[in-house]
Amino acid sequence: MSKPTIAIVGRPNVGKSTLFNRIVGGRMAIVEDKPGVTRDRLYGNGTWLTHEFHVIDTGGIELSDEPLLQQMRAQAEIAVDESDVILFIVDGKTGLTDADEAVAQLLRRSSKPVVLGVNKLDHYKQRNQMYEFYSLGLGDPYAISCAHGQGIGDLLDAAVSKFPAAEYESDDDGAIRFALIGRPNVGKSSLVNTILGKQRVIVSDLAGTTRDAIDTPFTRDGQDYVIIDTAGIRRRGRVYEKTEKYSVLRAQRSIEEADVVLVLINGEEGIIEQDKKIAGYAHDAGRALIIVVNKWDAVKKDGKTMHQFEKKIREQFQFIDYAPIVFLSALTGSRVDQILPVIQQVAENHSLRIQTSLLNDCIMDTVAMTPPPSDKGRRLKIYYVTEVAVRPPTFVLFVNDPELLHFSYLRHIENRFRDTFGFVGTPIKLLSRKKNEK
């Protein structure tokens, strides 16, 4: 189930990036008091009350023949297209402008729910300045000050109230959903076609041929699958949405909806920093992971090439050392038949439940072989452990004091769990809770 999306739009220099930073809780967007600083869409995750959602910050919408402003408008239009709710921000100090009316007209045509925020009303005596914005025909305006955080709660209350009703798919249909992610032109579409045995998606040497995510159900050897092909994830500065109607957000949504994520690497080009960032999206989302090295047919090889490349992967991707690695060629079909069995294996591990008695036997052995270190004369005591969730497997350790559970010992416990129970291809989460002693 993917999270809903809020797009923050408006003409330049009305405070959109300041609002974005407040919602996501950090300074991800550059804030500068001159128009046009934010030129590309920027993505973040926000939480309000019980709601989690994506947030898109945009360059300002401004009607102009100037190329930069045309690109910014194109960015914002696609952000609107991707969103579930739009926050339209206007400048209360400047007052209603022709550009605001033009933007309002564009938003009304989108048929998306719109919440109107009148920014820069820092003092309650300025609230009367918001009433002229009723003429935009977008409902009640909300007086806010993004710089001081005033009125943001009411604005978000209105926004989350307009989220679409959640549509839950059955987790018991037995199908394994897997997504292919990676930077452009690593061969995702070719791999989709080879797995399916037919021309399902356009294949081209041009980066960015795939414009959207495509879900395709199929059955192989009695197992149902749904394959999700996504367009390549580019560094933010290289995403040109005017020509390539795709975004990092769509790949993130695909990751959220998948059980297993295949991170594709171009074997011919080798590993670059962006590959690690892409894998990090899936790891952070708690999805089962497989590293797929594609275009292996184009690599000049000797008897040690594969071993050396795998060693580089393990060095560069230490944070997903649990992920199996598959070398293949989508073009020739070499080793593609290995993919589905590995997907099935890591999907099973992603949903694996371990008996509490077996978990506690493992913990007792771990503590006996490697006692927890002491801290200022106090030693960690682990009373018992239980599994509380799957996808990914999540465990709670009940201890005398969670602060005594050092991350290095937690990592040691994770390694013992993996040695004992496998968990190939899936992250696992270890949480600690204080057990009240009587």
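Residues numbered from 1 in each chain as written. Predicted model: local features only at pLDDT ≥ 70, side-chain atom pairs only at ≥ 80, totals over all residues. Heavy atoms only, no water.

*Asks:* So what exactly am I meant to see when it comes to the overall build of the chain here?
*Replies:* In terms of helices and strands, the chain carries eleven helices and 17 strands. Each of the 438 residues in the chain was classed as buried or not, and the buried ones make up 50%. Taking as baseline every contact in the chain between residues at least 6 positions apart, the subset at least 24 positions apart corresponds to 70%. Split by element, the accessible area of the chain, about 21300 Å² in all, is 47% carbon and sulfur. (Helix = DSSP H or I, 4+ residues; strand = E, 2+ residues; numbered from the N terminus. Buried < 20%, exposed > 50% of the residue type's maximum accessible area, 1.4 Å probe, protein only. Contact = heavy atoms within 4.5 Å. Areas by Shrake-Rupley, 256 points an atom, 1.4 Å probe, with all protein chains shown as cover.)

*Asks:* Is there a simple way to think about the sheet that holds strand E16 (residues 394-399) in this case?
*Replies:* Strand pairing in a sheet takes place through backbone hydrogen bonds and is either antiparallel or parallel in direction. Here three strands make up an open sheet; going across it, the order is E15-E16-E17 and the pairing mixed. Sheet topology places strand E15 (382-389) and strand E17 (429-434) at the edges, where each strand pairs with a single neighbour. Adjacent strand axes in the sheet meet at a mean angle of 25 degrees when their direction is disregarded. Judged from the six bridges that link them, E15 and E16 form a sheet pairing that is antiparallel. The partner of isoleucine 382 across the bridge, within E16, is valine 399. Contacting E15 and E16, helix H10 (residues 356-369) runs over the sheet at an angle of about 140 degrees to E15. Each of E15, E16 and E17 touches helix H11 (residues 407-421); the most contacted strand, E17, lies at about 125 degrees to it. (Pairing = 2+ DSSP bridges. Axes fitted to C-alpha atoms, helices over the stretch in contact; angles between N-to-C directions.)

*Asks:* Looking at this structure, I do not really get the pattern of salt bridges. What am I missing?
*Replies:* A side chain of one charge can pair with a side chain of the opposite charge when the charged atoms of the two come close. Counting across every chain of the model gives ten salt bridges. Across the salt bridge formed by lysine 276 and glutamate 273, the nearest N and O atoms sit 3.1 Å from each other. You can see lysine 276 and its partner glutamate 273 sitting in helix H7 (residues 273-284), three residues apart, about one turn around the helix. What makes glutamate 273 partly exposed here is its relative accessible area of 48%. Of the charged contacts in the structure, one is a salt bridge between glutamate 414 and arginine 411, with a shortest N-O distance of 3.5 Å. Taken together, the positions of glutamate 414 and arginine 411, both in helix H11 and three residues apart, correspond to about one turn of that helix. Among the residues examined, glutamate 414 registers a relative accessible area of 13% and is labelled buried. Residues joined by salt bridges that share partners form a network here, namely Asp321, Arg411, Glu414 and Arg418. (Salt bridge = Lys/Arg side-chain N within 4 Å of Asp/Glu carboxyl O.)

*Asks:* Explain the side chain of aspartate 275 to me, please; I cannot follow it from the model alone.
*Replies:* Mapping aspartate 275 onto the fold places it in helix H7. A polar contact of 2.9 Å, which involves the side chain of aspartate 275, links it to the side chain of arginine 183. When residues no more than four places from it in sequence are discounted, the contact partners of aspartate 275 are Arg183, Val263, Leu264, Ile265, Gly270 and Phe317. (Polar contact = N/O pair within 3.5 Å; in protein donor to acceptor, adjacent residues only side chain to side chain.)

*Asks:* Would you mind showing me how to read the packing of H10 against H11 here?
*Replies:* Any two packed helices are characterised by how steeply their axes cross, that is the angle between the axes, and by the distance between the axes. Interaxial distance between H10 and H11 falls to 10 Å at its minimum, and their mutual angle equals 125 degrees. Between H10 and H11, the crossing angle belongs to the class labelled oblique. Here H10 and H11 pass one another in a crossing that is right-handed. Taking contact as the criterion, the partners of Leu358, Leu359, Cys362, Ile363, Asp365, Thr366, Val367 and Met369 in H10 are, on H11, Tyr409, His412, Ile413, Arg416, Phe417, Thr420 and Phe421. (Parallel < 35°, antiparallel > 145°, perpendicular 65-115°, else oblique. Left-handed = near helix turned anticlockwise from the far one by under 90°.)

*Asks:* What is the right way to look at the pairing of strand E5 (residues 114-119) in this model?
*Replies:* A regular strand carries its side chains on alternate faces of the sheet. Taking burial as the measure, the six residues of E5 include six buried ones, the bulk of the element. Neither face of E5 is exposed, since Val114, Leu116 and Val118 on one face and Val115, Gly117 and Asn119 on the opposite face are all buried. After leaving strand E4 (residues 85-91), the chain enters helix H3 (residues 98-110) and then returns to the sheet as E5, a path that is right-handed. As defined by bridge partners, E5 adjoins strand E6 (residues 141-143) across three bridges and the pair is classed as parallel. Paired with valine 118 across the two strands is alanine 143, which belongs to E6. (Right-handed = clockwise from strand over helix to strand, strands pointing away.)

*Asks:* Can you help me understand the environment of phenylalanine 317 in this one?
*Replies:* Note that phenylalanine 317 resides in the loop between helix H8 (305-316) and strand E12 (325-327). Apart from residues lying up to four places away in sequence, phenylalanine 317 is in contact with Ile265, Ile271, Asp275, Lys276, Ala279 and Ile291.

*Asks:* Just to check I follow, could you spell out unusual backbone geometry for this structure?
*Replies:* Leaving glycine aside, a negative phi is the common case for residues, and trans is the common case for peptide bonds. A cis amide bond links arginine 391 to the next residue, proline 392, at an omega of 5 degrees. As for its position among the elements, proline 392 is in the loop between E15 and E16. Positive phi, close to 65 degrees, is recorded for asparagine 13, a residue that is not glycine. Positionally, asparagine 13 belongs in the loop between strand E1 (5-9) and helix H1 (16-24). Since its relative accessible area comes to 28%, asparagine 13 is described here as partly exposed. One non-glycine residue, serine 111, adopts positive backbone phi at about 60 degrees. Mapped onto the fold, serine 111 is located in the loop between H3 and E5. On the basis of relative accessibility, which here comes to 67%, the residue serine 111 falls in the exposed class.

*Asks:* Can you walk me through the side chain of asparagine 266 in this structure?
*Replies:* Relative to the elements of secondary structure, asparagine 266 occurs in strand E10 (residues 260-266). Among the polar contacts made by the side chain of asparagine 266, one reaches the main-chain amide nitrogen of glutamate 268 at a distance of 2.9 Å. Leaving out residues up to four positions away in the same chain, asparagine 266 has contacts with Arg183, Asn185, Val186, Asn294 and Lys295.

*Asks:* Help me understand the packing of aromatic side chains in this model?
*Replies:* What characterises a pair of aromatic rings is the spacing of the ring centres plus the angle enclosed by the ring planes. Counted according to the given criterion, the structure contains 14 aromatic pairs. Note on tryptophan 296 and phenylalanine 309: the rings are 5.5 Å apart at their centroids and 80 degrees apart in plane angle, and the pair reads as edge-to-face. With tryptophan 296 in the loop between strand E11 (288-294) and H8 and phenylalanine 309 in helix H8, the pair connects residues that are 13 residues apart, well separated along the chain. Taken together, a centroid distance of 4.6 Å and an interplanar angle of 20 degrees make the contact between tyrosine 384 and phenylalanine 398 stacked. With tyrosine 384 in strand E15 and phenylalanine 398 in strand E16, this residue pair connects regions lying 14 residues apart in the sequence. Taken together, the ring pairs connect Phe395, Phe417, Phe421 and Phe423 into an aromatic cluster. (Phe/Tyr/Trp six-rings, centres within 6.5 Å; stacked < 30°, edge-to-face > 60°.)

It is worth stressing that arrangement in space is one thing and function is another; only the former is reported here.
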